Amino acid sequence: MSETKELIVEIGVEELPAIPFLKECGNVVAKWRETLAQNGLDSECEFYYTPRRIAFYHPKFAVRQEDGFSEFIGAPRQVAQKDGAWTPAALSFAKKCGIAESELKFETVGGKEVLYYKKPVAGKPSSELLGDMIEKFLLSLNFGKSMRWGEGKFEFIRPVRSFLCLLGDEVVKFNKFDVESGDSIFMHRSVGYDKFAVKNAKDYFAAMAKIGVILDQNARREKILSEFKQIEAKNGVTVEVDEALLDEVVAITEHPTALLGGFEREFLEVPSEVIITSMKENQRYFPVFEGGKLANRFVVVSNAISPEPSLIVKGNEKVLLARLSDAMFFWRSDLAHEFGPEKLKNITYLKELGSTFDKSVRELGVAKRLAKICADRLKECAGEGYEALLERAVMLSKADLTTQMVYEFTELQGVMGGYYAAAKGENENVVTAIKEQYLPSGEASALPSTIFSSVVALAIKLETLIGLFSAGKIPSGNKDPYALRRAANGVIKIIQNENLNFDIAAFLRETAEGYAKFDVEALINFIFDRLYTFFDVNPSVVKACLASKKGDVLAQCEAIEALGAICAADDFRQNFSTFKRLANIIKDENFGAVDEAKFENQSERKLNDAFKAAVKAGGSYSERLKNLFGLKAAIDEFFDNVMINAEDELVRKNRLALVGQIYAEFLKIADIKEISL
């Protein structure tokens, strides 16, 4: 094993943009080590980052590559040698390998005799390779967009400004991106603008306290969280820790300090979502709560090292004041205007589908169809006038698109609509439905809280799916610009949550008649295909259940759960061969009815009786499947004692019908031909 030394590599850059960097961050170590492995120098490392540096520390790094071999494979014997003499192909191979004709020889490679030469290769010193490896690693990183500098010659997420590369006490010299590597690093800007020299890895880590940098991102995170707790304990408040925001703040600070600021209480008149969104999105502040309600305070995590933190707080309070003043103006101005759907006629939804008002009208049509399915529950939830309220909720659902607040904070669409509807005195069911119209909005999202809200949200999602499919805006590959997969997932989740039993396939076929002609079956399959991600079962179980063509989402979910549980049993694999054989016998579904008078064997009668008993027992999908799979012994006896392909055509057809009726009963739940284990 070759000699090892400590290696410290730091790439100094201009401030990294947090979000694109964090998206690629999980791949950084793997890409660095892949680059090392390609050069025979892979070793364990620690990875650190701040907004101005990417660093790797290797406790044990080989000072040179291991010696190895280069293999050369040439032409086969019949091509390399003719009548005992070397051909031009062989002589060319010798020249390529740098050997004499006398050194040419054959080896068996892949079952063929070919020219073969194995040349020893001495390992190179790591110091000769590190510059190229660092360059290759940096170019392998994918941040989406990059910057160009140096008259457009260089490209990276941000310009590279320094390289530190120390192997033991040796400075590894190279020039990449027009930057010479050296023995110094940039300090925190609050400490100074000069570079700080270090001798080795130990010196590098010790230097961090002197240059005002907390190198370890995990240590920065812990410092922030610890200071949050101190603020909470001292002031009797709660700081909301948004993990995504915390990740971002960790990535944009080299020496974070959490500070408590405040704003005028009058701004709390503005809906809390607006204040929180403004704080997080525009300023990266953390909201503060008092007694479970948003307080007129915030926490800013400063990157400055300052003896007067109060000045930092005042500066941030001034910035937030301007933001909240704008929000207050938007809020009051919007309230002074009519809140209704008429202005939506001026907003184009999609060229092929008209205005946003037109979409709302179509959504109302879908909502009315859904209302017929759960009329009693809607009446119980919203009262006798639920139909008028439903129309009001759907037609007002997009009205906030015309407000100044949503123009400024587009992510608050729906939420703001709910606030404006409440301020205008709309019914509570209408207000809640508008607020919850986009739920669920993600994997861990909440669902609509009432059946009334669920019908509105479901109608909007279904109309979106039908409309965009009719306009040819169908997702392909990883591209889904209209988030139709998320919409389809939402449809399934709402149906499950509200236990809505209806044939959605038939519903879609009927509703689609009001749109430009398109492949409705493709849409139906698109929605049901989402079930593959809903269940932790063998994918063939889902495929088998979907092959039954049940149009009811709940029925499919129940069938998948039932079949999945049975297939997961320890003895299922060995028992399933019986049913696979049964399914394979049936070539089509036109096998006719069973005529018991044509039975010639007791095994036929036993199987038929057992089957009729299983069907009669009925029950849930789970119970029906257990009863059908419980026919194994009778089916095995039938196969052992009965020849299906009897000479008598009528007897043969009757026996096929006997087996076919079992397969047909399975098919009501799942096509067992599709199960693969």
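Relevant structure appears above.
Figured I'd write up the structure that's included with this text. (Residues numbered from 1 in each chain as written. Predicted model: local features only at pLDDT ≥ 70, side-chain atom pairs only at ≥ 80, totals over all residues. Heavy atoms only, no water.)

On inspection of all chains with the given rule, the structure shows 39 salt bridges. In this structure, the salt-bridge partner of Glu14 is Arg161, at a minimum N-O distance of 2.6 Å. On the criterion of sequence distance, the pair formed by Glu14 in the loop between β1 (4–13) and α1 (18–38) and Arg161 in strand β11 (residues 160–167) is long-range, its members being 147 residues apart. Sharing partners across several salt bridges, the network here consists of Lys359, Arg362, Glu363, Lys398 and Glu463. (Salt bridge = Lys/Arg side-chain N within 4 Å of Asp/Glu carboxyl O. Helix = DSSP H or I, 4+ residues; strand = E, 2+ residues; numbered from the N terminus.)

To continue, consider the state of the cysteines. Taken as a whole, this structure holds zero disulfides when the rule is applied. Considering cysteine sulfurs only, Cys25 is the nearest to Cys45, which forms no disulfide, with 12 Å between them. For Cys165, which is in no disulfide, the shortest distance to another cysteine sulfur is to Cys45 and amounts to 13 Å. (Disulfide = S-S within 2.5 Å.)

Further remarks concern helix α6 (residues 217–235). Here α6 spans 27 Å end to end across 19 residues, near enough to the 27 Å set by a 1.5 Å rise per residue. Of all the residues in α6, the buried ones are Gln217, Arg220, Arg221, Ile224, Glu227, Phe228 and Ile231. Here the buried residues of α6 occupy an arc of 130 degrees about the axis, which is enough to place them on one side. Residues of α6 that are exposed and point over 90 degrees away from its buried face: Lys229, Ala233 and Lys234. Where α6 is buried, its residues meet β2 (46–50), β17 (238–239), α7 (243–252), β18 (257–262), β19 (286–290) and β20 (293–302). (Expected span 1.5 Å × (residues − 1). Buried < 20%, exposed > 50% of the residue type's maximum accessible area, 1.4 Å probe, protein only. Arc of directions from axis to C-beta. Contact = heavy atoms within 4.5 Å.)

Right, let's get into the pairing of strand β8 (residues 112–121). Note that strand β4 (residues 68–76) and β8 share seven bridges and pair antiparallel. Looking at β8, one finds that Phe69 is bridged to Pro120. Both strand β7 (residues 106–109) and β8 contribute to a ladder of four bridges, which runs antiparallel. Within β8, the residue paired with Thr108 across the bridge is Glu113. Between the end of β7 and the start of β8, which pair antiparallel, lie two residues, with Gly110 showing a positive phi angle near 65 degrees. (Pairing = 2+ DSSP bridges.)

This paragraph deals with the packing of aromatic side chains. Applying the stated rule across the entire model yields 32 aromatic pairs. Their ring planes at 20 degrees and their centres at 5.9 Å tell us that Trp149 and Phe177 sit as a pair that is stacked. Here the residue Trp149 occupies a position in strand β9 (residues 147–149), and Phe177 occupies one in the loop between β13 (175–176) and β14 (179–182), the gap between them amounting to 28 residues. By the burial criterion, Trp149 is buried, and Phe177 matches it. Linked through ring pairs, Phe21, Trp32, Phe47, Tyr49, Phe56, Phe137, Phe143 and Phe156 together constitute an aromatic cluster. Here Lys345 stacks its cationic end above the ring of Phe357, 4.8 Å away from the centre of that ring. (Phe/Tyr/Trp six-rings, centres within 6.5 Å; stacked < 30°, edge-to-face > 60°. Lys NZ or Arg CZ within 6 Å of the ring centre and 35° of its normal.)

Quick reminder: α-helices carry 3.6 residues per turn. Residues three or four places apart thus point the same way. Among all positions in α7, only Leu245, Leu246, Glu248, Val249, Val250 and Ala251 are buried. In this structure, the buried side of α7 is in contact with α1, β2, α6, α8 (272–283), β19 and β20. Two or three places before Ala244, at the opening of α7, Asp242 has a side-chain oxygen 3.0 Å from that residue's backbone nitrogen. (Polar contact = N/O pair within 3.5 Å; in protein donor to acceptor, adjacent residues only side chain to side chain.)

The next subject is the sheet that holds β17. Backbone-to-backbone hydrogen bonds join strands into a sheet, with any given pair of strands oriented parallel or antiparallel. Taken together, the four strands give an open sheet; going across it, the order is β17-β19-β20-β18, and neighbouring strands pair in antiparallel fashion. Sheet topology places β17 and β18 at the edges, where each strand pairs with a single neighbour. Summarising the sheet, β18 and β20 pair through six bridges and their orientation is antiparallel. Among the inter-strand pairings, Leu260 is bridged to a residue of β20, identified as Val299. Against the sheet, helix α9 (residues 309–335) touches β18 and β20, its axis set at about 50 degrees to β18. (Axes fitted to C-alpha atoms, helices over the stretch in contact; angles between N-to-C directions.)

Running from N to C, helix α18 (residues 504–511) and helix α19 (residues 520–528) cross one another at 145 degrees; their axes reach a closest spacing of 10 Å. The handedness of the crossing between α18 and α19 is right-handed. When α18 is examined against α19, the residues Ile504, Ala505, Leu508 and Arg509 are found in contact with a partner set consisting of Val520, Glu521, Leu523, Ile524, Ile527 and Phe528. Residue composition of the contact of α18 with α19, by class: eight nonpolar, no polar and two charged. (Left-handed = near helix turned anticlockwise from the far one by under 90°. Nonpolar A, V, L, I, M, F, W, Y, C, P; charged D, E, K, R; others polar.)

Moving on: the environment of Ala555. Looking at the secondary structure, you find Ala555 in helix α21 (residues 553–567). With a relative accessible area of 12%, Ala555 lands in the buried category. Setting aside residues no more than four positions away along its own chain, Ala555 makes contact with Lys550 and Tyr621.

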